[in-house]
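Examination of the molecular architecture
Chain residues, written in single-letter form:
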2 protein chains.
Amino acid sequence: MSETVKPLAPGAVIGILGGGQLGRMLSVAASRLGYVTHIFEPGPAPAGHVSARVTTAPYEDLDALRAFAESVDIVTYEFENVPTAALDVIEAIRPIRPNRRTLAISQDRIIEKQFLNGLGLKTAPFAQVDGLADLEAAVASLGLPSILKTTRFGYDGKGQIRLTPGADLAAAWESMAGAPSVLEGFVAFEREISVIAARGVDGQVAAYDPGENVHREGILRTTTVPARISPALRSDAVLIAARILNALDYVGVMGVELFVTREGLLVNEIAPRVHNSGHWTQQGCVVDQFEQHIRAVAGLPLGDGTRYVDVVMENLIGADIERVPDLLRESSVALHLYGKGAWREGRKMGHVNRIVKG
Amino acid sequence: MSETVKPLAPGAVIGILGGGQLGRMLSVAASRLGYVTHIFEPGPAPAGHVSARVTTAPYEDLDALRAFAESVDIVTYEFENVPTAALDVIEAIRPIRPNRRTLAISQDRIIEKQFLNGLGLKTAPFAQVDGLADLEAAVASLGLPSILKTTRFGYDGKGQIRLTPGADLAAAWESMAGAPSVLEGFVAFEREISVIAARGVDGQVAAYDPGENVHREGILRTTTVPARISPALRSDAVLIAARILNALDYVGVMGVELFVTREGLLVNEIAPRVHNSGHWTQQGCVVDQFEQHIRAVAGLPLGDGTRYVDVVMENLIGADIERVPDLLRESSVALHLYGKGAWREGRKMGHVNRIVKG
C-alpha cells in the first residue's frame, strides 16, 4: 500500500490548512528542515507570524483554495474539520497528507468508533442519537452517567454534555440543536494516556513514549511523561497506535487517546494531526512531533523520538496567561506562547514544558 | 547605569537588522515569547520564512529604514556591520539593543582590543597597519607567524592573511587593497573556547557553559560542551564575559571568544549578538541563546541557561549540506537548516546538534 515517493526538495513549499498554534509550530519545524510554509486560515492566523505566506479566506472560497494549492508542493493540516468540498479542490491539484480517508473517519465519532472496533480495538460503548427517542433508548442501554456528544465538529469539550442520573434528557437533546449525536457510555478509567505516533511514506512507524493526560472541563491541562503504566501496557499502547496507522495507510503524526482500565486499553479518540498531548516532545526529544510530522509528509525518514528527559507539559488556558511573568522566572521551564492576543475563557494561549529530571 | 524599562508587551514587534540564519532563529525564539518580528535585509532573507514581515532594501535607503523603525517597537540585529548612518536614522525613532557604543567598538578590531586591554583583559599583541612601512615595523616587533586582518568588516576568515616566516610583506599589504589593517601576533593557544553571555535591561548577567571551538580556514566547524577546561578557568571565562557586558552597559546576548594559553585566557574577539558557537544551547538548555537575546532586548527576565545534556554542534558548510540525507537517519541528531538555496564554498548552510550524553 505504501508509496515510493521522492522526498520534498529543500526550499519546497508546504501548505498548511489552519493557522493556529499547531500550524505555527509545524511551520517552525518545517523551517528547520529547510522548507517554506504557506498558511491557509479563514480567521486570525498566529501561524502567520512564522510563515512565509498566509492566505486569509474562508474554506468556501474555492478560488482562494485553488491558488493556495497551486502555490505549494504538498498540503497538510492542523485541523481535521476542513470541509469536504475544500479538500476536493485541493486534492485535484496537490497531494494531501494525512489522507482523506483518515479525515473522513476522524470527522465523525460514530464512524471512528466503528473503524476502531473493526480493527479489534475496544472503545467506550456508544449509541447513535438522532432524536429524543434514540437518546432515551441509548440511556436505557448504556446507563448513566454517560456523555452526549455531537458526532462532528467537537473539540476541547465543545458540543458535549455529561448526563448524570436524573438528568433531563429532553433538555439535553434540545441543547444539541438537532445535530447528529452519539451517547458514549461511562468508562471507569484509572488514567488517560496518549500515544503520539508517526508513519512515513515508506510505511515506517515510530512512536513517542506514551504521556499521561489530565483533562478538566474537556480541555487538556497537563501531559506527564513517562506515564505511570507498566512496560506491558506501554507496549500495548504503541502497538494499538501502529495498528491504526497501518490500517489507514497513514502518513504523518497522529494522536491516539487511550483510557487505561482494569480490562486494558480503550481507544478514546484519534486525531489525525500533531496533538496537544505531544507538545512535551519539544523539550524531551531531539526530533519533536512537529518535525516528525513534517518529515513524514515530506517523505523524509522519521526522526529519533527517544525521550532523554522527563517532562510535564502544562497548557496555559485563558487567564493562565497572566502567570507568564512568574513562569519567565522559573527554572527548568520552557515557555511556548501562541501569539493570540487577548485571552478568553477556555482559549489555549500557550504551554510550558517543565523538565523534571535531566 | 541600567535602565528600568517596562517589558515589551505580548504582540509587540521586534525589528531585526539582517535576515540570515541568526535572524531566522531569533525570529522563531521571539514567536515563542509571543512577539512578532519584522526583518530588514538588503539581500535574500531566509529569516523571512519565519517572520511576519520583511523589508528588502539596502542600508542606504533611509526612507525604508525610517518606515521599518516606525513599524516596530524595538530594534535588534544579527549582524554588527550595519552602517552608522542607518543606525542614526533608526535610533532617532526606536531604541536599538544592544547599544551603539558596543557596535562601534566591535566594528573595529583595534578599538575592540584597546577597549579590552583597558578593562585589564589580555588580547593577542597587535599593531595598527596603514601601509607597508607599518607592516614591516609590526612584523619586526611582533614576529612571524602572525595574521594581517582588516580592522573592519571581517568575518568567517574573510579579509585576513596568515603571514609565515619569509612571507612577501609587500604582496600581503597589497592584497589588503589599502584597507586599514591590524597585525595580530601569534598566540600559542591550547584551545579556543567561547562564552555566550547575556545581560538584561536590569543589569542581571547570565552565561552558558563555555564551549570549545574548532575552526578551520577561519570558519567555525564544531563547538563541544562542556569545554575541556578546569573549573577555575571556566569561572575565569564567565567572569571575563561579565566584565565586558557590564562595562558596556550591554543588553542582549554576546559571544566572547577566548584563547586558552599557559598564561591564562586571552580575549580573541567579541560579537555583540547571538553567536554560532552558542547554537548548541538549542538542544542543551530550556532557554537557548536566541530566546535569551530576545528576553534581554524585550526587557524580560533572563532565562534558565542550565545545560542538561552534553552537545557537539557541527556546522554544515558548503558541500556538507549533501550529508543531510544521512544526518536525517542518525539518532541523537537535531538538524537545523537555514533555507539558503544552493550551496557555495564556505557558506553556512545549517548545523546539527548532537546529543552526546543524556
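This section reports on the structure supplied with the text. (Residues numbered from 1 in each chain as written. Chains lettered and ligands numbered in written order. Predicted model: local features only at pLDDT ≥ 70, side-chain atom pairs only at ≥ 80, totals over all residues. Heavy atoms only, no water.)

**Brief notes about the interface of chain A and chain B**
Going by this rule: The contact rule is simple, with two residues in contact once any of their heavy atoms fall within 4.5 Å. Accessible-area loss on putting two parts together, using a 1.4 Å probe and summing over both, is the definition of buried area adopted here. Here a polar contact is recorded for every N or O atom pair within 3.5 Å, except that within protein the pair must consist of a potential hydrogen donor and a potential acceptor, and residues adjacent in sequence are included only if both atoms are side-chain atoms. Helix and strand labels come from DSSP, where a helix needs a run of H or I of at least four residues and a strand needs a run of E of at least two; each type is numbered from the N terminus. Only Asp, Glu, Lys and Arg are considered charged, only Ala, Val, Leu, Ile, Met, Phe, Trp, Tyr, Cys and Pro nonpolar, and every remaining residue, Gly among them, polar.
Every contact between the two is made by 33 residues of chain A and, on the other side, 33 residues of chain B. With both sides pooled, the region where chain A packs onto chain B buries about 2900 Å², and carbon together with sulfur makes up 61% of that total. Of all residues in chain A, V286(A), Y308(A) and L328(A) bury the most surface against chain B, accounting for 20% of the area lost on that side. At the boundary of chain A with chain B, the tally comes to 10 residue pairs in polar contact (both at pLDDT 80 or more). Counting residues per element, the side of chain A that touches chain B draws most heavily on strand β16 (residues 333–337) of chain A, at 5 residues. Here the side of chain A that touches chain B is built from residues that sort into 18 nonpolar, 10 polar and 5 charged.

**Structural notes on the side chain of T76(A)**
Residue and element names in this part refer to chain A. Quick reminder of the rule: Exposure categories follow from relative accessible area, calculated using a 1.4 Å probe and restricted to protein chains: below 20% of the type maximum is buried, above 50% is exposed, and the middle band is partly exposed.
Mapped onto the fold, T76 is located in strand β4 (residues 74–77). Judged by its relative accessible area of 0%, T76 falls in the buried class. Of note is the side chain of T76, whose polar atom sits 2.8 Å from the side chain of H293.

**Here we look at helix α1 (residues 21–32) of chain A**
All names here are of chain A. For clarity, the cut-off: Given the number of residues in a helix, its expected span is that number minus one, multiplied by 1.5 Å.
Its 12 residues give α1 an end-to-end C-alpha distance of 17 Å, which sits within 8% of 16 Å, the value for a rise of 1.5 Å per residue. Burial runs high along α1: 12 of the 12 residues are buried. Considered for burial, the residues of α1 that qualify are Q21, L22, G23, R24, M25, L26, S27, V28, A29, A30, S31 and R32.

**Looking at the pairing of β4(A)**
Residues and elements named next belong to chain A. Test applied: Strands are labelled as partners when DSSP assigns at least two bridges between them.
Residues I74 and T76 line one face of β4 and the alternating positions V75 and Y77 line the opposite face, and both faces are buried. Bridging between strand β1 (residues 13–17) and β4 involves 4 bridges; their strand directions are parallel. What sits directly across from G15, in β4, is V75.

**Section: the packing of helix α1 (residues 21–32) of chain B against helix α10 (residues 289–297) of chain B**
Residue and element names in this part refer to chain B. Our working rule: Where helices are involved, their axes are fitted lines through C-alpha atoms of the stretch in contact, as for all axes, and angles between N-to-C directions lie from 0 to 180°. Here the angle decides the label: under 35 degrees means roughly parallel, over 145 means roughly antiparallel, 65 to 115 means roughly perpendicular, and every other value means oblique. Take the far helix as the reference: if the near one is turned anticlockwise from it by less than a right angle, the crossing is left-handed, and if turned clockwise, right-handed.
Between α1 and α10, whose axes approach to 8 Å, the crossing angle comes to 65°. Regarding the angle of α1 to α10, the classification is roughly perpendicular. By crossing handedness, the relation of α1 to α10 is classed as right-handed. Of the residues in α10, those in contact with L22, M25, L26, A29, A30 and R32 of α1 are F290, E291, H293 and I294. A per-class count over the contact of α1 with α10 returns 7 nonpolar, 1 polar and 2 charged.

**Considerations on the packing of α1(A) against α1(B)**
A pair of packed helices is characterised by two quantities: the angle between their axes and the separation of those axes. Orientation of α1(A) relative to α1(B), taken along the N-to-C sense of each, is 160°, at an axis distance of 12 Å. Relative to α1(B), the element α1(A) lies roughly antiparallel. Both α1(A) and α1(B) take part in a crossing whose hand is left-handed. Of the residues in α1(B), those touching α1(A) at R24(A), V28(A), S31(A) and R32(A) are R24(B), V28(B), S31(B) and R32(B). In terms of residue class, the contact of α1(A) with α1(B) is built from 2 nonpolar, 2 polar and 4 charged.

**A short note on the relation of the copies chain A and chain B**
The line we're drawing: A residue counts toward the fit only if its pLDDT is at least 70 in both copies, and the copies are then superposed by least squares on the C-alpha atoms of those residues.
Superposing chain A onto chain B takes a rotation of 180° combined with a translation of 0.0 Å along the rotation axis, leaving an RMSD of 0.0 Å. Taken together, the rotation and translation relating the two chain copies correspond to the operation of a two-fold axis. Distance from the rotation axis, computed per C-alpha, reaches its smallest value in chain A at V50(A): 1.9 Å. Counting the interface residues of chain A, we find that 100% of their copies in chain B are interface residues as well, pointing to one common contact surface.

**Re the sheet that holds strand β8 (residues 181–185) of chain B**
Note on sheets: strands pair through backbone hydrogen bonds, and any given pair is parallel or antiparallel. All names here are of chain B. The 4 strands are arranged β5-β8-β6-β7 in an open sheet whose pairing can be described as antiparallel. Here the strands that pair on one side only, and so sit at the sheet edges, are β5 (126–129) and β7 (160–163). The mean inter-strand angle of the sheet, taken between neighbouring strand axes irrespective of direction, is 20°. Pairing analysis gives 5 bridges linking strand β6 (residues 146–150) to β8, with the strands arranged antiparallel.

**A word on the pattern of salt bridges**
Residue and element names in this part refer to chain A. Let me state the cut-off plainly: What makes a salt bridge here is a side-chain nitrogen of Lys or Arg within 4 Å of a carboxyl oxygen of Asp or Glu, nothing more.
Counted according to the given criterion, the structure contains 40 salt bridges over all chains. With a closest N to O distance of 3.0 Å, R295 and E291 form a salt bridge. Of the two residues, R295 and E291 are both situated in helix α10 (residues 289–297); the distance of 4 residues between them amounts to about one turn of the helix. Per residue, the accessibility class of R295 equals that of E291, and both read buried. In this structure, a network of salt bridges that share partners links the residues E314, D320, R323, E330 and R354.

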